Amino acid sequence: MLALDETIAAPITGSGPAPVAVIRLSGQDSWEVGEKLFQPWTPVHGHACYGRFATGDDGYAIAFEAPRTY
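What this report covers is the structure whose coordinates are included nearby. Owing to the predicted nature of the structure, the values given are computational and were not obtained by experimental measurement.

**Some points on the overall build of the protein**
- On a plain count of helices and strands, the protein comes out with 1 helix and 5 strands.
- In the protein, the succession of helices and strands from N to C terminus is β-β-α-β-β-β.
- Over its C-alpha atoms the protein spans a radius of gyration of 12 Å, differing by no more than 12% from the 11 Å that the globule rule assigns to 70 residues.
- The principal-axis extents of the C-alpha atoms in the protein amount to approximately 30 × 25 × 20 Å.
- Expressed as a percentage of the 70 residues in the protein, the buried residues total 26%.
- By sequence separation, contacts in the protein at least 24 residues apart represent 31% of the contacts at least 6 residues apart.
- On the protein, the mean spot of the 4 positive side-chain charges and the mean spot of the 8 negative ones are 5 Å from each other.

So, in structure tokens, the structure goes:
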């Protein structure tokens, strides 16, 4: 079970093929995790930024930094 203060990086798109991948980053270390997973990393709390994942796929990342990770 996850602790309430853990950082989470999770896909929010469906499990099937999709034209664009989207991940949500939530928690205290979401900015640091985002820097490792996504380029260019220009986060604004709650806003989607477009770029390339570490896997080479293009998509969007949305970061919610603690304590506002609702």
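Once the structure has been displayed, the description carries forward.
**Comments concerning the packing of aromatic side chains**
- One pass over the full model with this rule turns up 4 aromatic pairs.
- A ring pair is formed by phenylalanine 38 and tryptophan 41, whose centres lie 6.1 Å apart and whose planes are at 85°; its orientation type is edge-to-face. The same class applies to phenylalanine 38 as to tryptophan 41, namely buried.
- The rings of Trp31, Phe38, Trp41 and Phe53 are connected pair by pair, giving a single aromatic cluster.
- In this arrangement the basic side chain of arginine 24 is found over the ring face of phenylalanine 64, its NZ or CZ atom lying 4.1 Å from the centre.

Calculation notes
Residues numbered from 1 in each chain as written. Predicted model: local features only at pLDDT ≥ 70, side-chain atom pairs only at ≥ 80, totals over all residues. Heavy atoms only, no water. Helix = DSSP H or I, 4+ residues; strand = E, 2+ residues; numbered from the N terminus. Rg over C-alpha atoms; globule rule 2.2 N^0.38 Å. Buried < 20%, exposed > 50% of the residue type's maximum accessible area, 1.4 Å probe, protein only. Contact = heavy atoms within 4.5 Å. Lys, Arg positive; Asp, Glu negative; His and termini not counted. Charge placed at Lys NZ, Arg CZ, Asp CG, Glu CD. Phe/Tyr/Trp six-rings, centres within 6.5 Å; stacked < 30°, edge-to-face > 60°. Lys NZ or Arg CZ within 6 Å of the ring centre and 35° of its normal.

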